[in-house]
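One letter stands for each residue in the lines below.
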Amino acid sequence: MKLRIVALLGAIAAAAALSSPAFAGSLDGQIFTGQMTPKGETKGDPDDFEFKDGKFHSTACDKYGFDSSAYTATESGKSVLFAATTHSGESTITWKGEAAGGRVSGTAVLSEKGKTTEYVFAGDLKK
């Protein structure tokens, strides 16, 4: 009976670890330095894209009150695909990106007051 309980507890712990955002990919603890640019433009804002404790954070969005938010990550070959949604009041930014070879890139869609604005972002792993 004790062996069954120990096995059951081990299985529960393993399932919890596999479903936690920090385990969801290999991005936690990484910071990418780059920029966020309105789609179709060439000049953007400097930005750091941070992955810490299962949360994603964009430093360029701090001045607009956007929070850190849980992210999901899926390994796909040599890449990690990730997604997150950050919030500031009634505004949201939906992030979708890919990290591979020390570089991150993707899109961010800002939704506010019934309209959307699309951005692209890219950065290199901070060493």
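Cut-offs applied
Residues numbered from 1 in each chain as written. Predicted model: local features only at pLDDT ≥ 70, side-chain atom pairs only at ≥ 80, totals over all residues. Heavy atoms only, no water. Core = buried A, V, L, I, M, F, W, Y, C linked by side-chain atoms within 4.5 Å. Buried < 20%, exposed > 50% of the residue type's maximum accessible area, 1.4 Å probe, protein only. Helix = DSSP H or I, 4+ residues; strand = E, 2+ residues; numbered from the N terminus. Contact = heavy atoms within 4.5 Å. Salt bridge = Lys/Arg side-chain N within 4 Å of Asp/Glu carboxyl O. Phe/Tyr/Trp six-rings, centres within 6.5 Å; stacked < 30°, edge-to-face > 60°. Polar contact = N/O pair within 3.5 Å; in protein donor to acceptor, adjacent residues only side chain to side chain. Pairing = 2+ DSSP bridges. Axes fitted to C-alpha atoms, helices over the stretch in contact; angles between N-to-C directions.

By size, the foremost hydrophobic cluster in this structure holds 21 residues, and its most contacted members are Leu-27, Phe-56, Tyr-71, Phe-82, Trp-95 and Phe-121. Those elements that provide at least two residues to this core are β1 (31-38), β2 (45-52), β4 (69-76), β5 (79-88), β6 (91-100), β7 (103-112) and β8 (115-125). Look past the residues within four positions of Phe-121 in its chain and what remains in contact with it is Gln-35, Met-36, Phe-49, Phe-82, Trp-95, Lys-96, Gly-97, Val-104, Ser-105, Gly-106, Thr-107 and Ala-108.

Located in the positive-phi region is Asp-53, a residue other than glycine, with phi close to 50 degrees. Structurally, the position occupied by Asp-53 is in the loop between β2 and β3 (55-58). Overall, Asp-53 belongs to the exposed group, its relative accessible area being 62%. Non-glycine residue Lys-113 carries a positive phi angle of around 50 degrees.

What the rule picks out here adds up to three salt bridges. Close ionic contact of Asp-48 with Lys-126 constitutes a salt bridge, the shortest N to O distance being 3.8 Å. Remark: Lys-126 occurs in the segment after β8 and Asp-48 occurs in strand β2; sequence separation between them is 78 residues. Relative accessible area serves as the criterion here: at 16%, Asp-48 is assigned to the buried category.

Let's shift gears to the packing of aromatic side chains. Using the criterion set out here, one finds 10 aromatic pairs in the structure. Judged by centre distance (5.3 Å) and plane angle (55 degrees), the ring pair of Phe-51 and Phe-56 falls under tilted. What links up through ring pairs into an aromatic cluster is the set Phe-32, Phe-49, Phe-51, Phe-56, Tyr-71, Phe-82, Trp-95 and Phe-121.

Another point: the side chain of Asp-48. Among the polar contacts listed, one links the side chain of Asp-48 to the side chain of Thr-33, at a separation of 2.9 Å. Setting aside its immediate chain neighbours within four residues, Asp-48 contacts Ile-31, Phe-32, Thr-33, His-57, Ser-58, Thr-59 and Lys-126.

On to the sheet that holds β3. Read around the closed barrel, the eight strands follow the order β1-β2-β3-β4-β5-β6-β7-β8; overall the barrel is antiparallel. Neighbouring strand axes in the sheet, compared pairwise and without regard to direction, differ in orientation by 30 degrees on average. Pairing analysis gives six bridges linking β1 to β2, with the strands arranged antiparallel. Following the sheet pairing, Gly-34 is matched in β2 by Asp-47.

Taking the residues between adjacent antiparallel strands as the criterion, β1 and β2 are bridged by six residues, where Gly-40 takes a positive phi near 90 degrees. For β1 and β8, the ladder comprises seven bridges, and the chain directions are antiparallel. From the neighbouring strand, Thr-37 faces β8, where its bridge partner is Val-120.

So, about the pairing of β4. Along any regular strand, the residues point their side chains to alternate faces of the sheet. Two elements, β3 and β4, share two bridges in a ladder whose sense is antiparallel. Paired with Lys-55 across the strands is Ala-70, a residue of β4. Looking at chain direction, β4 and β5 are connected through six bridges and run antiparallel. Bridge pairing links Ala-73 to Phe-82 in β5. Once β4 ends, the chain turns through two residues before running back antiparallel as β5, passing Gly-77 with a positive phi of about 65 degrees.

These values are about where atoms sit, not about what they do.
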